[in-house]
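One-letter residues, chain by chain:
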Amino acid sequence: MAPGPEDVEAIERATFDAVPPQARELLDGWLLGFDSGPVGRAHSAVPLRHDLVDGASVERVVAKYRSRGLPPVFRMPELPAFDGIREQLRSHGYSGGTPTRVCVAAVNGMPETVASMPVDLMAQPDESWGSVFLGDGVDPADCARRVAILGRAQHALFACIRMDGRTVASGMGSFSQGWASVHGMRTLPGYRGRGMAGAILQIIAKEAKSRGLGRAFLQVEAGNTGAQALYSRFGFAPAWDYAYWYPGSA
């Protein structure tokens, strides 16, 4: 189910719905997120189409970020259509990093039989959800900022599994623009391999069906082969990769 042009735009808009920037704007076929927080998806510019790309718009995008006192960051698909823009960015001192894979799936094709365990759903993330989402060794202030960005989502539910008196697995489902999207999937190291991530994916899929949504997407680090193997079992297939392009001074 390779996404078409309208799907690409819906996925990018849904991404901003799930990870809402403080402000957003459309400019020349780009969707711009303006945010002072630490989440890259919320403070980057992304093209809404994978064709009809106008390289002349790059400088206008840069000017928009500079006018707000923010560094311009581009979330660029790793596709031939963007070769010219990537070269343009490179010539201006930008460099790409954090390769990420967008995967899509049919909700009805996801397995319904996984490990049976209770999954709690919340309208807002609590402190224990945030601690699992970010893991150990993360600055508490940074943790609070990241969780607060997700907490701004208006079409989301936060899932968690609790065992031994603590939260041990987390996930988030966002439902907008005709898509369900999956975010924040984490399981504490001592509890991995028990099917908890699958149980959370199952509950997100169930919620998507209840809302009449038949398609889902997620974004995963391109090098995280373990997570991609799990998602593949739930029918998620690669759609495209992207990287963040930062100015040399960032």
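None of these values were measured; they are calculated from a predicted model.

S.K.: I'm lost on the environment of methionine 172 in this one. Help?
M.R.: Its place among the elements puts methionine 172 in strand β8 (residues 166–176). When the C-alpha positions of methionine 172 and isoleucine 200 are compared, they lie 8.5 Å apart, and in sequence the two are 28 residues distant. Among residues more than four places away in sequence, those in contact with methionine 172 are Ala18, Trp129, Leu150, Ala153, Ala156, Leu157, Phe158, Ser181, Val182, His183 and Ile204.

S.K.: Explain the confidence of the model for the protein chain here, please?
M.R.: It should be kept in mind that the predicted coordinates are not to be read in detail where pLDDT is low. Looking at the protein chain, the pLDDT average stands at 93 and 96% of residues meet or exceed 70. At the low end of the mean pLDDT range in the protein chain sits helix α5 (residues 140–151), at 86; at the high end sits strand β11 (residues 237–246), at 98.

S.K.: Whenever I open this one, the packing of aromatic side chains confuses me. Can you help?
M.R.: Any aromatic ring pair is given by two values, namely how distant the centres are and how the planes are angled relative to each other. By the definition in use, this model includes nine aromatic pairs. Ring geometry for tryptophan 179 and phenylalanine 217: centres 6.0 Å apart, planes at 70°, overall edge-to-face. Within this pair, whereas tryptophan 179 is found in strand β9 (residues 179–187), its partner phenylalanine 217 is found in strand β10 (residues 215–221), the two being separated by 38 residues in sequence. We note that tryptophan 179, like phenylalanine 217, is buried. An aromatic cluster is built from Trp30, Phe74 and Tyr94, whose rings are joined through pairwise contacts. A cation over a ring is seen here: arginine 68 above phenylalanine 34, with NZ or CZ 4.0 Å from the ring centre. In this structure, arginine 75 is placed above the aromatic ring of tyrosine 242, and the distance from its NZ or CZ to the ring centre is 5.3 Å.

Cut-off values and rules
Residues numbered from 1 in each chain as written. Predicted model: local features only at pLDDT ≥ 70, side-chain atom pairs only at ≥ 80, totals over all residues. Heavy atoms only, no water. Helix = DSSP H or I, 4+ residues; strand = E, 2+ residues; numbered from the N terminus. Contact = heavy atoms within 4.5 Å. pLDDT = per-residue confidence, 0-100. Phe/Tyr/Trp six-rings, centres within 6.5 Å; stacked < 30°, edge-to-face > 60°. Buried < 20%, exposed > 50% of the residue type's maximum accessible area, 1.4 Å probe, protein only. Lys NZ or Arg CZ within 6 Å of the ring centre and 35° of its normal.

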